[in-house]
Amino acid sequence: MPDNEVTQTFQGKVGNVYNADTIIQNSSEGNVPGNAVLAATLINRGQQVNPIVRRLEEMQESGGVLLVVVPSLHTDYPDAFTDRCGLVEFVVRFGGIGAWQYLQHRTWPDGGGTVEEILRDLGSGLSFSKSYNKEDIEKNIAGLRQNLCFAHFVDENDWGEDGGELAKNWGHYLVSGNMQAGERCFIVAFLCFVLGQDDSPTKRDIQRYIDNELTALSGPGGRVLVTKPLDLIRKKHALQWRTTVREFLDDSVIGTELISVADRLFPDPSQQRRLQEIWDDLCDAVKAAAKCRPAQFAETRR
């Protein structure tokens, strides 16, 4: 295993971070402080994070655009994964705070749409003039002197509205070279396909697109990386996560809730669970572990 490849990939505290409202709304209370929620994203996912980090390391001298395709069930919280990458992993490993603009989860047009609609939404997130056309937006993105990261989520209903035409057009646009990063900067564009539990013709259609078109472009040095599907959580991941959370909080005090969370969530060591099943418990354990340090959990919702 390479020195930089670990199951838990967080390597130190990140300050002044915030987390997307969509994840916060998945908590039981609806107002979980952002750092607690973000800490919960750090469990497992090394199989997905490490290949992205390695690809960016390969690109580091020149920069460039990378389309990261994430197949996932909705119960594995792909939005938590993209927040982890955009707010922790990339910041820690590539430039630190201030080196990245993370535009969070961008709106996918209803009823199909066009690539230009997606670009205009990105321009809005970057505070570009509303009068900018496609070429203006592309020019100004290429002029950025920061790394850029954003995420789109396409579920089976989105795909079915236009037979996947917009998703395919957006993927083609990103790999065709029309979008350019600033000098020695990264653009990481997540395209997450959020699939249901049950088999369906639409789900099979999406999987064929990933397998036949995107995976074929996912070789070394390419503009596309298809991750392994987000996987189940096991007890060993919860045990490793305790150490990761300590580093994230920069706090030597561990509460009882955090110490016992692995045994409580996984009484049977062979058990495997979806992230959705344990999400609230992880957030609650982090909050309980840091009760003595309330300043760590200043509300970070926008």
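Before any of the text, the structure's been laid out above.
Note on numbering: residues in each chain are counted from 1, in written sequence order. Given that this is a predicted model, residues contribute local features only at a pLDDT of at least 70 and side-chain atom pairs are listed and counted only at 80 or more, while totals for whole chains, interfaces and linings are drawn from all residues. Excluded from the side-chain calculation are hydrogens and water; included are all heavy atoms of the structure.

> Could you give an account of the overall build of the protein chain, naming the residues involved and the relevant values?
Helix numbering and strand numbering both begin at the N terminus, where a helix is a DSSP run of H or I of at least 4 residues and a strand a DSSP run of E of at least 2. Looking only at helices and strands, one finds twelve helices and seven strands in the protein chain. Only protein chains enter the accessibility calculation, which uses a 1.4 Å probe; a residue whose area is less than 20% of its type maximum is buried, one above 50% is exposed, and one in between is partly exposed. Considering the protein chain as a whole, with its 302 residues, one finds that 53% of them fall into the buried category. Put simply, 81% of the contacts in the protein chain that link residues at least 6 apart link residues at least 24 apart. Areas reported as accessible are Shrake-Rupley estimates using a 1.4 Å probe. Residue values count occlusion only from the protein chains shown. Carbon and sulfur atoms provide 45% of the accessible area of the protein chain, an area that totals close to 13200 Å². Note on definitions: a residue-residue contact is assigned when non-hydrogen atoms from the two residues lie within 4.5 Å.

> Could you give me a rundown of the packing of helix H5 (residues 115–125) against helix H8 (residues 165–175), with the residues and numbers involved?
Interaxial angles span 0 to 180 degrees and are taken between N-to-C directions of axes, which are lines fitted to C-alpha atoms, for helices over the stretch in contact. At a minimum axis separation of 9 Å, H5 and H8 run at an interaxial angle of 65°. The angle between H5 and H8 falls in the class roughly perpendicular. Only Leu 166, Asn 169, Trp 170 and Tyr 173 of H8 make contact with H5, whose side of the interface consists of Val 115, Ile 118, Leu 119 and Leu 122. By the convention adopted, Pro, Cys, Tyr, Trp, Phe, Met, Ile, Leu, Val and Ala count as nonpolar, Lys, Arg, Asp and Glu as charged, and the other residues, Gly among them, as polar. By residue class, the composition of the contact of H5 with H8 is seven nonpolar, one polar and no charged. Relative orientations are named as follows: roughly parallel for angles under 35 degrees, roughly antiparallel for angles over 145 degrees, roughly perpendicular for angles from 65 to 115 degrees, and oblique for any other angle.

> I'd like a rundown of the sheet that holds strand E1 (residues 64–73), residues and numbers included.
Reading across from one edge, E2-E3-E4-E1-E5 is the order of the five strands in this open sheet, with parallel pairing throughout. This sheet does not close on itself; its edge strands, each paired only once, are strand E2 (100–105) and strand E5 (224–226). The sheet shows a mean angle of 15° between the axes of neighbouring strands, taken without regard to direction. A pair of strands is treated as paired once DSSP finds two or more bridges between them. Relative to strand E4 (residues 186–195), E1 is paired through ten bridges, and the arrangement is parallel.

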